[in-house]
Amino acid sequence: MVRGLRRLHRFEKRILEVARLQEDLVHIEQYGFSRKADNGFRFPIYALRIGKSSALKKRPVGIVAGVHGLETIGVRILLDFLHHCLANPDFFPELHNGKVGIHAIPMVNPGGIALRRRSNPAGVDLMRNSGVEAVRSMPFFGGHRLSKHLPYYRGNTLEPESRALYRFIFQSFFATKGRLMPVVDVHSGFGSVDHVWWPYASTKEPCRDTPLFESMGRFLKIQAGHSKLNFGPQSESYTTHGDLWDLYYDHYWKYHESDKNWKGRFLPLTLEVGTWSDLRESPTRMLNRKNIFNPDAERKQQTISAISKIPARSVSSIADIGKRLAQPEIAM
Ligand SMILES: [Zn+2]
């Protein structure tokens, strides 16, 4: 666990560094704890609130990462992005002048990062944990309850990490009126293309905001120049049980079901950064379960720099989503 712990502490240190960049603009909170590891450790889950308090309340957007402990490239993208926003006010002026507030959890699954595994310390894959049943999921990969020693295990109840994330989403976004609120969850995965997915993962049925998500995708692809991002509902790529965003999204609408004129829009997006572009050069990467999701060191740095600095396409798309969509008057 030592190497994983060292990495976890490096990230925790970076969270503090981000918080220190603009102390009057960043609040750091300990938001919950991971499931207990075998040695008794419970790892703290941190949240960052970035922006003026009125913007955080009335014009919130969100970004989270580290749901899967092996996909630490997402954590680095998130931290580089926040660092860049805070260190360069021109990059995202809306954050500094009170037009947008960012709610962030850099590491949803700190225990998985410390233990260097995809799942949480109890062996549960958090993106299979919500209890939502898929209409027709891929066998095994789509989530199972066979054994916690196998990947993609769903668990039997909502894990502490899933509950902490839900509480965070509920408190940060559910009560905000009249706003479009994108929340981006950064992952890394198969393939060499960067995907941006919206609900549902459990069914090919369209979600109620499908037309809105489609226009966001068109806008970012054509007008904002993110032509390499692949937009679509998650179920277009694969269908899984237990996606957390399916659960939170449906709860959002259940929560507001009695208000027929409710105008807020909670818009969860999963950004999956393709990390396989270097496969041809280093095919042995396939043989290592950790490296499947992480490019080699040099390529990793290139990927991170490409994504997290101007004119980085993926991250500036997050900024664009925040800028354009925190304004409900935009015609969608
Ligand atoms: Zn993932």
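Scroll up for the structure.
So, how was this worked out
- Residues numbered from 1 in each chain as written.
- Predicted model: local features only at pLDDT ≥ 70, side-chain atom pairs only at ≥ 80, totals over all residues.
- Heavy atoms only, no water.
- Donors = N, O, S within 2.8 Å, 3.2 Å for Na, K, Ca; no water.
- Tetrahedral: all angles 85-135°; square planar, octahedral: opposite > 155°, others 65-115°.
- Helix = DSSP H or I, 4+ residues; strand = E, 2+ residues; numbered from the N terminus.
- Buried < 20%, exposed > 50% of the residue type's maximum accessible area, 1.4 Å probe, protein only.
- Pairing = 2+ DSSP bridges.
- Axes fitted to C-alpha atoms, helices over the stretch in contact; angles between N-to-C directions.
- Contact = heavy atoms within 4.5 Å.
- Core = buried A, V, L, I, M, F, W, Y, C linked by side-chain atoms within 4.5 Å.

### Some points on the coordination of the zinc ion
Okay, so step 1: H68 (ND1), E71 (OE), E71 (OE) and H187 (ND1) make up the full set of protein donors to the zinc ion, lying at 2.0 to 2.5 Å.
Okay, so step 2: For the zinc ion, the four donor atoms in the first shell make angles of 55 to 149° at the metal, so the coordination geometry reads as irregular.
Okay, so step 3: Read in sequence order, the donor residues coordinating the zinc ion give the pattern H-x2-E-x115-H. Residue H68 is located in the loop between β3 (60–65) and α3 (72–87), and its partner H187 is located in strand β5 (residues 180–189); the two are separated by 119 residues in the primary sequence.
Okay, so step 4: When its relative accessible area of 4% is taken as the criterion, H68 is described as buried.

### Brief notes about the sheet that holds strand β7 (residues 230–233)
Okay, so step 1: If you walk across this open sheet you meet the eight strands as β1-β2-β4-β3-β5-β8-β6-β7, and the pairing is mixed. Of all strands in the sheet, those bounded by a partner on one side alone are β1 (26–33) and β7. Taken pair by pair, the neighbouring strands of this sheet meet at an average axis angle of 20°, ignoring direction.
Okay, so step 2: Where strand β6 (residues 195–198) meets β7, four bridges bridge the pair, whose relative direction is parallel. Paired with W197 across the bridge in β7 is G232.
Okay, so step 3: Packed onto the sheet, helix α7 (residues 210–223) meets β5, β6, β7 and β8 (265–274) and runs at close to 50° relative to β8.

### Focus: the nonpolar core
Okay, so step 1: The biggest cluster of nonpolar side chains holds 78 residues, and the ones touching the most others in it are L48, L82, I102, L165, I169, W245 and F266.
Okay, so step 2: The dominant element in this core, judged by the number of residues it contributes, is α3, at nine residues.

### Quick notes on unusual backbone geometry
Okay, so step 1: Look at the link from P199 to Y200: it is a cis peptide, with omega at 10°.
Okay, so step 2: Tracing the backbone through its elements, the reader meets Y200 in the loop between β6 and α7.
Okay, so step 3: Despite not being glycine, F140 shows a phi value in the positive range, around 65°.
Okay, so step 4: By secondary structure assignment, the location of F140 is in the loop between α5 (110–115) and α6 (160–173).
Okay, so step 5: Its identity is not glycine, yet Y152 carries a phi of approximately 70°, on the positive side.
Okay, so step 6: Relative to the assigned elements, Y152 resides in the loop between α5 and α6.

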